[in-house]
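Below, each chain spelled out in residue letters.
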Amino acid sequence: MNRRQKIILAAAFSALLMLTGCTQNTTTGNVSDTVEETLNVVATTTMIADLSSVIGGEHVSVNGLMGPGIDPHLYQASAGDVSLMQKADIVVYNGLHLEGKMGEIFESLSTQGDTVICLEDGLDEAKLLEWEEGSVYDPHIWFDVTLWKDAATAVAKGFSDADPEHAADYNTNLENYLKELDDLDAYVRERTEELPESQRVLVTAHDAFSYFGKAYGFEVRGLQGISTDAEAGTADVSNLADFIVSRQIRAIFVESSVPPKTIEALQAAVKAKGFEVAIGGELYSDSLGGEDSGAETYILTVKANIDTIVDALK
Ligand SMILES: [Zn+2]
């Protein structure tokens, strides 16, 4: 082997080394990227699953227990749900008795030392609406966008505590989302302005919209109580029908997570009293819209609701 051949060989050898080195590095890099742990988050409702995804971004994988159109007041966790929650790094739920049949599960998860984020804990009690003579608060907090900002802050804090390494990212995601929620709040107020004050009356199937009413200046009447657990009686239907006739209300609304029969009964009762009230469309109450509904996220759902309400009452 002459000098020239040696040089070529040496060059080829070092190239091979570099190549191997590179390959090894790349492989290690890839492995650590794919192995990088994402937080396994289980969320109860569609709103909370959406919120968890927005705040967690690339660092979380979110499993929502309840699909679109599912009523959280009546939802019973399956054995599969319980096992999902037990295996999760973090469980996020609304609280305020929204998940009325799941209280014991959350309690046992907390006592077992699992990380549980209850949105209720992040809210200022003074901003909550009372229900049933002060014993229970109204759980439908997502209808006031400013309360949902507090919920978002609670989720970011919970994720940061559980995963301090990515706290800066959770906070950036939070800051960006809070700005989007400010824009959303402004949108709801602008659309509301299109209605004369006398027309700002919202009649729905169950009392989900009190926070919405308080935040945006609507008078709200629900046919059923705050939970869908209580059926509306004929006296309730008749009283609400009288109210609609006396106020000459143009439209009432069905809800995505409540069967429409109660609102249809109300419409019939109004008709029997000689007045026509339209069904103004379907509002998303206790869940977001399904796939391809145009209301798959919290922000889209809030927009869809105010558009439906204002367009029907205008
Ligand atoms: Zn509800």
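Each remark here, short or long, concerns the structure printed above.
Okay, so let's go over this structure. Given the structure is predicted, the values throughout are model-derived calculations rather than measurements. (Residues numbered from 1 in each chain as written. Predicted model: local features only at pLDDT ≥ 70, side-chain atom pairs only at ≥ 80, totals over all residues. Heavy atoms only, no water.)

**Some words on helix 4 (residues 103-111)**
And then number 1: Taken as a whole, helix 4 has its buried residues at I105, F106 and L109. Looking straight down helix 4, one finds that the buried residues subtend no more than 95° of arc, so they occupy a single side. Those residues of helix 4 that are exposed and angled more than 90 degrees off the buried face are E104, E107 and T111.
And then number 2: Next to the buried residues of helix 4 lie helix 3 (79-87), strand 3 (90-93) and strand 4 (115-118).
And then number 3: Two residues or fewer after helix 4 comes G113, characterised by a positive phi angle close to 85°. (Buried < 20%, exposed > 50% of the residue type's maximum accessible area, 1.4 Å probe, protein only. Helix = DSSP H or I, 4+ residues; strand = E, 2+ residues; numbered from the N terminus. Arc of directions from axis to C-beta. Contact = heavy atoms within 4.5 Å.)

**Structural notes on the pairing of strand 2 (residues 60-64)**
And then number 1: Here 5 bridges tie strand 1 (residues 39-43) to strand 2, and the two strands are oriented parallel to one another. What sits directly across from N40, in strand 2, is S61.
And then number 2: Read from strand 1 through helix 2 (residues 46-56) to strand 2, the crossover connection turns out right-handed. (Pairing = 2+ DSSP bridges. Right-handed = clockwise from strand over helix to strand, strands pointing away.)

**Points about the nonpolar core**
And then number 1: With 58 residues, the main nonpolar core has I141, W148, F159, F212, F218 and Y298 as its most contacted residues.
And then number 2: Secondary structure elements with two or more residues in this core: strand 1, helix 2, strand 3, helix 5 (145-162), helix 6 (167-192), helix 7 (210-216), strand 9 (251-255) and helix 10 (298-313).
And then number 3: For this core, the element with the most residues is helix 5, which contributes 8 residues.
And then number 4: Non-local contacts of F218, meaning those with residues more than four positions away in its chain, are made with T192, L195, R200, V201, L202, F212, G213, I306, I309 and L313.
And then number 5: Among the nonpolar cores identified, the runner-up in size contains 19 residues, and V203, L223, I244 and A269 belong to it. (Core = buried A, V, L, I, M, F, W, Y, C linked by side-chain atoms within 4.5 Å.)

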